[in-house]
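A closer look at the structure
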Amino acid sequence: MRVASIFNSQTSYPQGFQPPELEDKDREQDNAPIIQEVVVNDLLLHLDTHKSDGIHPRVLRELAGELAKPSSIICQQSWSAGEVPDDWRLANVTPIYRKGWKKDVGNYRHVSLTLVPGKIMERLVLSELAWQVQGREFIIPSLAHRFIAEMVDFFILFFIKATIVLSIMHLSGIKDISKFAMHYIIEEIDEDTSMEDLQKMVVVALIYRLLVCFYEIICIWGAGGATPGKFLLGLRVVTCDTSVLIAPSRVLVIPSSNVSMTTSTIRALIKNFSIASFFPAFITLLFFQHNRTAYDIVAGTIVVRRNGVR
């Protein structure tokens, strides 16, 4: 089997793998990457002790420090030669009974176990494929982190809104501060609210929503993909055409580039005006695969931890 031939075919990034970072990503594509000892050591330390054939993965994990160097040399030689040892490609296939009639082969799930060196080499190849399609691995933040970041932004915007409204009150010489504040800051409506006041409240709410959109557009587009709330929580927004789960809470995001002004505008408008006007709030806050919201999917973005894994 030729390793070099893998890169000439269209190969998708499969689920369940955590590729390490290879050194020297600015090299020419025809040159072999340098497989670092620390990379192989990290792979050995994170072996699944319940999956593999040959030497027990737990033994290899405990001896990772001693095995990392010779393993990295073997993988480097295999890559440079463009060949993989036959043993690395052999698998021990075991049928596991699921349910139904035991004599029916369709009622069995086939489990394939391969040697650990072959798995390490496979993950190195997958890492190279990820680099070639310009993907990047990120950690997906929890819903709690997303919520806290949104609350921080909410209080910042609420303070800005209150400051603007109180400044207008001061310049206009309005004396009934409590009623004005309740109408235009808290947006509270009671039986004494006139139609004229209601119309003014709608105008103020629309202006505030536009201010929120402008705030998010500038931050997501011009401030590294993060509003102040997201920045404090270590989050950012990146473009996402495809996202593939490769480990728990880790996804490969393609193309994972900075968000353009157009994309940021679309995201901000859908997020704010759908919540405020067109749909019930819960529709736009539904979280889909990899904790993406509806407006993230439409805009082609995803919220990730700011420091990517690779």
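**Description of the confidence of the model for the chain**
The share of residues in the chain with pLDDT of 70 or more is 73%, and the mean pLDDT across the chain is 76. No element of the chain has a lower mean pLDDT than helix α1 (residues 3–6), at 38, and none a higher one than strand β6 (residues 301–305), at 93. Taken together, the stretch residues 1–30 has pLDDT below 50 and engages in 75 contacts with residues farther than four places along the chain or on a different chain.

**Considerations on the side chain of Asp-153**
With respect to the helices and strands, the residue Asp-153 is situated in helix α7 (residues 143–172). Here Asp-153 sits buried without a salt bridge, and the closest side chain of opposite charge, Lys-230, lies 4.6 Å off (N-O distance). Within the structure, Asp-153 has its side chain in polar contact with the side chain of Thr-227 (distance 2.5 Å). Setting aside residues up to four positions removed in sequence, Asp-153 forms contacts with Tyr-215, Thr-227, Pro-228, Gly-229 and Lys-230.

**Some thoughts on the pairing of strand β5 (residues 250–255)**
Sheet topology note: the strand β3 (residues 136–139)/β5 ladder contains 4 bridges and is antiparallel. Bridged to Glu-137 within β5 is Leu-252. Across 6 bridges, the pairing between strand β4 (residues 235–247) and β5 is antiparallel. Directly across from Thr-242, in β5, lies its bridge partner Ile-254. Turn length for the β4-β5 hairpin, with the two strands adjacent in sequence and antiparallel, is 2 residues, and the turn residue Ser-249 shows positive phi of about 70 degrees.

**Thoughts on the packing of aromatic side chains**
If you walk through the whole model with that rule in mind, you get 3 aromatic pairs. Ring centres of Phe-154 and Phe-155 lie 5.5 Å apart, and the angle between their planes is 70 degrees; on these two criteria the pair is classed as edge-to-face. What links up through ring pairs into an aromatic cluster is the set Phe-154, Phe-155 and Phe-158. The ring centre of Tyr-97 lies 5.3 Å from the NZ or CZ of Lys-102, which sits over that ring. For Arg-306, the ring lying beneath its charged end belongs to Phe-231, and the centroid distance is 4.4 Å.

**Brief notes about unusual backbone geometry**
Cis geometry is found at the peptide bond from Ile-254 to Pro-255, where omega equals 5 degrees. In this fold, Pro-255 is placed in strand β5. Backbone geometry at His-290 places phi at a positive 60 degrees, although glycine is not the residue there. Residue placement: His-290 occurs in the loop between α12 (281–284) and α13 (294–299).

**Regarding a nonpolar patch on the surface**
A contiguous nonpolar patch, built from Phe-159, Ile-160, Ile-164 and Ile-168 and spanning about 370 Å² of accessible area, is present on the exposed surface. Relative to the assigned elements, Ile-164 resides in helix α7.

**So, helix α4 (residues 64–81)**
Here α4 is 18 residues long and its end C-alpha atoms lie 25 Å apart, about the 26 Å a rise of 1.5 Å per residue gives. At Pro-70, α4 shows its maximal kink, close to 25 degrees. Within the sequence span of α4, burial applies to Ala-64, Ala-68, Ser-72, Cys-75, Gln-76, Ser-78 and Trp-79. Residue Gly-82 follows α4 closely and has a positive phi angle near 75 degrees.

**Considering the pattern of salt bridges**
Across all of its chains, the model carries 6 salt bridges by this definition. Two residues, Arg-146 and Asp-296, come together in a salt bridge whose shortest N-O distance is 3.6 Å. With Arg-146 in helix α7 and Asp-296 in helix α13, this pair connects stretches of sequence that are 150 residues apart. Each member of the pair, Arg-146 as well as Asp-296, is classed as buried. Two residues, Glu-216 and Lys-271, come together in a salt bridge whose shortest N-O distance is 3.1 Å. Here Glu-216 is found in helix α9 (residues 195–222), whereas its partner Lys-271 is found in helix α11 (residues 261–278), with 55 residues between them in sequence. Lys-271 gets classed as buried once you look at its relative accessible area, which sits at 5%. Through salt bridges that share partners, Glu-150, Glu-216, Lys-230 and Lys-271 make up one connected network.

**Section: the sheet that holds β3**
The strand order across the open sheet formed by 4 strands is β3-β5-β4-β6, and the pairing between neighbours is antiparallel. Of all the strands in the sheet, just β3 and β6 have a single pairing partner and so form its edges. Sheet twist, expressed as the average angle between the axes of neighbouring strands with direction ignored, equals 65 degrees. Relative to β6, β4 is paired through 5 bridges, and the arrangement is antiparallel. Paired with Val-237 across the bridge in β6 is Val-303.

What counts as what
Residues numbered from 1 in each chain as written. Predicted model: local features only at pLDDT ≥ 70, side-chain atom pairs only at ≥ 80, totals over all residues. Heavy atoms only, no water. pLDDT = per-residue confidence, 0-100. Helix = DSSP H or I, 4+ residues; strand = E, 2+ residues; numbered from the N terminus. Contact = heavy atoms within 4.5 Å. Buried < 20%, exposed > 50% of the residue type's maximum accessible area, 1.4 Å probe, protein only. Lys, Arg positive; Asp, Glu negative; His and termini not counted. Salt bridge = Lys/Arg side-chain N within 4 Å of Asp/Glu carboxyl O. Polar contact = N/O pair within 3.5 Å; in protein donor to acceptor, adjacent residues only side chain to side chain. Pairing = 2+ DSSP bridges. Phe/Tyr/Trp six-rings, centres within 6.5 Å; stacked < 30°, edge-to-face > 60°. Lys NZ or Arg CZ within 6 Å of the ring centre and 35° of its normal. Patch = residues over 30% accessible without salt bridge, like charges linked within 9 Å, V, L, I, M, F, W, Y side chains within 5 Å. Areas by Shrake-Rupley, 256 points an atom, 1.4 Å probe, with all protein chains shown as cover. Expected span 1.5 Å × (residues − 1). Bend = angle between axes of the 7 residues up to and from the residue. Axes fitted to C-alpha atoms, helices over the stretch in contact; angles between N-to-C directions.

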